[in-house]
Amino acid sequence: MLLLSLACHTADTDPKPDPAPDLTVRLGPGEVRGGEIVDDAALTGGISAEGRVGDWVLYNDRVRFVIQGMRDGDYIVRQGGSVIDADIVRPEGQPGCDLVDEWVPMAGVGHIAEPTLITVVNDGTDGRAAVIAVEGEDSAVDLLEGAVEADIVPDLGVRFRTVYTLPPDAWFLEVETVITASGGALQMPVGDLLIGAKEVSRMWAPGSGYVEQAPEVADWMVFVGDRNEGAVGVFSSPGEPFAPYAAAGLISGLLEVAALFGPEAEIAPGASAGFTRLYGVGPDVPTLYGAWAALQGIATQTASGTVTAEGGAASAPVAGARVTISVDGAPASLAFTGSDGGFSAEVPAGAISFLADGRGTGRQLDRPPGIAYYGPYSTETARAAALGSWGGTAAAIPQAEGYGTAAEASPLTLAEPGRLVLTASDGLPFEARISFAGGDPTPAAEGLAQARPDGYAAEAWARDGGVSVPLQPGSYRVLVWRGARYELEQRDVEIEAGAENLQTFALEAAYAPAGWVSGDPHMHAAPSSDGGIPMEDRLMVSAGTGVGLHFGTDHDHVVDYGPLLAPMGLDRVMGTVVASEVSPVLRGHLNMYPLEVDRGLLNGGAWPWWIERVATTAEQFGILHQWNPGAILQLNHPMDKGVAQAASWSEGVISDGDFWSEDFDAVEVNNSSDLAAVPFYYDLIRRGILVAPTAVSDSHGYHSGTPGINVTWFGTGTDNNADDPAQTSGAAIVEAVRSRRTVASRGVFLSLSIPPGSEVTGAQTLTAEALSPSWIRVARLQLIKDGEVVETVEGTTATFTLDPAADAAYNVVAAGDEPMSPISGQTAWALSSAILVDVAGDGWAPPMPAFEIR
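Rules used in this analysis
- Residues numbered from 1 in each chain as written.
- Predicted model: local features only at pLDDT ≥ 70, side-chain atom pairs only at ≥ 80, totals over all residues.
- Heavy atoms only, no water.
- Helix = DSSP H or I, 4+ residues; strand = E, 2+ residues; numbered from the N terminus.
- Rg over C-alpha atoms; globule rule 2.2 N^0.38 Å.
- Buried < 20%, exposed > 50% of the residue type's maximum accessible area, 1.4 Å probe, protein only.
- Phe/Tyr/Trp six-rings, centres within 6.5 Å; stacked < 30°, edge-to-face > 60°.
- pLDDT = per-residue confidence, 0-100.
- Contact = heavy atoms within 4.5 Å.
- Pairing = 2+ DSSP bridges.
- Axes fitted to C-alpha atoms, helices over the stretch in contact; angles between N-to-C directions.
- Core = buried A, V, L, I, M, F, W, Y, C linked by side-chain atoms within 4.5 Å.
- Salt bridge = Lys/Arg side-chain N within 4 Å of Asp/Glu carboxyl O.

Counting its regular elements, the protein contains 11 helices and 56 strands. Here the C-alpha radius of gyration of the protein, 29 Å, is about what a compact globule of 854 residues would show, namely 29 Å. The principal-axis extents of the C-alpha atoms in the protein amount to approximately 90 × 80 × 60 Å. Residues classed as buried in the protein amount to 60% of the 854 residues present.

Before going further, it helps to spend a moment on the packing of aromatic side chains. Scanning all chains against the criterion turns up 25 aromatic pairs. Note on W103 and Y279: the rings are 3.9 Å apart at their centroids and 15 degrees apart in plane angle, and the pair reads as stacked. Separated by 176 residues along the polypeptide, W103 in strand 5 (residues 100–107) and Y279 in strand 18 (residues 272–282) bring together distant segments of the chain. The class of W103 is buried, set by a relative accessible area of 0%. Judged by relative accessible area, which is 0%, Y279 ranks as buried. On the numbers, 5.0 Å between centres and 65 degrees between planes, the contact of F172 with F235 is edge-to-face. Of the two residues, F172 sits in strand 9 (residues 172–181) while F235 sits in strand 15 (residues 231–236), which places them 63 residues apart along the sequence. What makes F172 buried here is its relative accessible area of 5%.

Per-residue confidence for the protein gives a mean pLDDT of 93, with 96% of residues at or over 70. Under a pLDDT of 50 for its full length, residues 1–16 has, in the predicted model, one contact with residues more than four places off or in other chains.

With that settled, consider unusual backbone geometry. Across the junction of Y593 and P594, the peptide omega takes the value -15 degrees, indicating a cis bond. That bond from S821 to P822 is cis: its omega, 10 degrees, falls within 30 degrees of zero. Within the secondary structure layout, P822 lies in the loop between strand 53 (808–819) and strand 54 (827–832). Unlike most non-glycine residues, S672 shows phi in positive territory, near 55 degrees. As for its placement among the helices and strands, S672 is situated in the loop between strand 43 (666–671) and helix 10 (678–686).

The next point concerns the sheet that holds strand 34 (residues 500–505). Within the open sheet, the three strands sit side by side as 31-28-34. Their pairing is mixed. Looking at strand neighbours, the two that pair on one side only are strand 31 (466–471) and strand 34, the edges of this open sheet. Along the sheet, successive strands turn relative to each other by an average axial angle of 20 degrees, direction set aside. Judged from the six bridges that link them, strand 28 (residues 418–424) and strand 31 form a sheet pairing that is antiparallel. Residue pairing for strand 31: L420 is matched across the bridge by V469.

Side chains that are three or four residues apart share a direction in an α-helix, a result of its 3.6 residues per turn. Buried residues dominate helix 6 (residues 535–544), accounting for 10 of its 10 residues. M535, E536, D537, R538, L539, M540, V541, S542, A543 and G544 are the residues of helix 6 that are buried. Just downstream of helix 6, G546 is the residue with a positive phi angle, here 80 degrees.

Let us now look at the nonpolar core. Judged by nonpolar contacts, the single largest core of 69 residues is most densely connected at F65, V83, W103, Y164, L173 and V222. Ignoring sequence-local partners within four residues, the contact set of V83 consists of F65, V66, I67, V100, E102, W103, Y164, L173 and Y279.

For the rest of this paragraph, the subject is the sheet that holds strand 42 (residues 653–654). Within the open sheet, the three strands sit side by side as 41-42-56. Their pairing is mixed. Either end of the sheet is taken by a strand with one partner, and the two such strands are strand 41 (649–650) and strand 56 (852–853). Summarising the sheet, strand 42 and strand 56 pair through two bridges and their orientation is parallel. Pairing of V653 across the sheet is with E852, part of strand 56.

A word on the pairing of strand 3 (residues 63–67). The element strand 3 is largely enclosed, with a buried count of five among its five residues. Residues V63, F65 and I67 point to one face of strand 3 and R64 and V66 to the other, with burial holding for every one of them. In terms of strand pairing, strand 2 (residues 56–60) meets strand 3 through four bridges, oriented antiparallel. Directly across from L58, in strand 3, lies its bridge partner F65. From the end of strand 2 to the start of strand 3, which pair antiparallel, there are two residues.

Let's shift gears to the environment of P369. In this structure, P369 sits in the loop between strand 26 (363–365) and helix 5 (380–388). For P369, a relative accessible area of 56% puts it in the exposed group. Along the backbone, P369 and I397 are 28 residues apart, and their C-alpha atoms lie at a distance of 8.3 Å. When neighbours within four sequence positions are excluded, P369 is seen to be in contact with A394 and A396.

According to the stated counting rule, one finds 34 salt bridges in the structure shown. Note that R686 and E651 form a salt bridge whose closest N and O atoms lie 3.5 Å from each other. Taken together, the residues R686 in helix 10 and E651 in the loop between strand 41 and strand 42 connect sequence positions 35 residues apart. Take E651: its relative accessible area is 55%, and that puts it in the exposed class. Note that D683 and R686 form a salt bridge whose closest N and O atoms lie 3.1 Å from each other. Taken together, the residues D683 and R686, both in helix 10 and three residues apart, mark about one turn of the helix. On the basis of relative accessibility, which here comes to 0%, the residue D683 falls in the buried class. For R686, a relative accessible area of 6% puts it in the buried group.

Further remarks concern the environment of Y403. With respect to the helices and strands, the residue Y403 is situated in the loop between helix 5 and strand 27 (413–415). Between the alpha carbons of Y403 and R599 there is a distance of 43 Å; along the sequence they are 196 residues apart. Apart from residues lying up to four places away in sequence, Y403 is in contact with A309, V318, G358, L414, A415, E416, P417 and Q472.

Rendered as structure tokens:
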């Protein structure tokens, strides 16, 4: 008892460490904090947010940076220890907007740290800068090695130490990475890969303005939010400029990133070399450039002005306009105007010129102002806030839209817009494409203004039958449509400044086949590294183009779009299927659906092919079926980065058997209107590999792949039809594909008296009808026997006799000769799944031998 009491007494009197600071409190000027996150209120939200409890944060009264802990991360880079989320500290009620997918310190090509220790060097409570240090061992970017299935990034024994320092009252996080050559001598640079959320932002670089590819050399570059949410980017540190590095361009091409590196350093064995740069987050570009120029000691001048709009009774200030500020003719900064139309920016010395831009993105989606983008890997709190923002209570950031671009003679004067109000008489979703009747009245030089969307003056999507589109005054051609099952309408309209033009459209359905629903089993959005559209917008585009079932086939991610449907009001008109595109570079892409999200696993439960290598495609398919029991496996674009190409398929022959497996259920015969895989499909069927044909858009953006034209019709065998797809279950889709009840469509539905996928005995009579609206014209129907055309009937209806001498597989094709104008330059086409005719009733036998596999 005496020993116990002494022990207790000793514990009570020993000095205790200071408690960790509360990282959820808002800070004031002169304050900064850093530490491990124990409450998700310390995190930020946004389309790319992925921080969680157990990660680390550095923040002050202006900015917040989240550093991934020693855990597997989502998106592209698995390893922790780098910045994964970054945002300004936003006002209460304004949604978070993380624009960072990945922000990774790197040495040489592909060498990053596998963290072994993360330490809070200083938590900022003493009034000095908050500092977090990450130490780690040499590791490779898994995706680079997984893409070629080889260890191309050798372990050089490099040790990393990256120190993140955030001072009070700063817009920049100072990042110093020191690499130590623990083995032999090294020669390599240190820098960063910044992968921005390009689906909601644009890259902007001094000297160029808006760019699609990061410049090879720049002192700084940023990603700017499409809705004026702010800017995030990499800046050189005083005395340590970025340098040309050839491999940076290679990495940028592979991963679609901004790769900025310091000068190449020679490091002797046991020696070290480091490089310091600045990570910046700000409400706009001038804030960041002004702070950076002050750190660099660059002499600047003030460029300021006011943007106004004319066209009404008097000129009025324009809030949320963008102004490209050029010095000596080259873009130097990009300012946003305030509520009074004013802007001010520090820029380098030289002759100043302006160009005001009030276009906005040109895309009007029927949503309340200020919605928060849904981040599938963000915290439950952030996801709930994003869903709740559809109630219309979020604070919006000003954004000028429909004003066009200023003229050179009056560079700060815009035209007051009018509004085109579009309504569908049936109250259902639709898409509108709006073209200039006489060409763009206010063109701007490349890089100086936001791009016109897909070449149109504007685009719009309605969720519930109506949408309002701001447009600069002028003459327009308006096209309203709802996919390939409906009639469309076009008309010319005039827009006057300050006035509304109300237009109502009747979009009549051409047909509604009972027991069939349309779906697009290959689409991408923000979770894909190359997705150019937010998840919300993907659903609106799908609904607006008549896609009944959306499939969320993002590259190597398993993401559920379902929670968005009800808040967006789309749950009454469409459904969504959890899916994923497995994307091994050498073995071919494929989709799996339906899946279940597992947030405890990498990328929601996607099988990590880039980490877990296989010897054969058969082994890969076996793992995928074990990983996703009961799911459909669909071969994607088999002739282009697909399995047929990887296996060197030719008619009857698989030349590389290590890259082949027959363990799949469906194959894309139409990918984005490309029919190159049709002969491959025929060869599969006649050799007894009975799979369902599918058609997909493979859309990565708003119009790419033509959503609504390239779709698969699934025979669900239920009482629902194309008008009520929302309740279609994943099990019904699996059954339809496994039973091969599909029609692969490019604008056309095929109605057959014998359901596609059927196996019948003896001679049969088959009636076929091609169904489409009047603007999609079918010229003929063709009967295909064992992959060969055996009969052609002109028109949209035909009666065929199926009476083969031996067991055979029959398909029906509908084909047109005229473009599906004004939506697509492609002609109408559809392919039914095969009908198997068993002549003797002794079980169907394939008419041709199995593949020769070499």
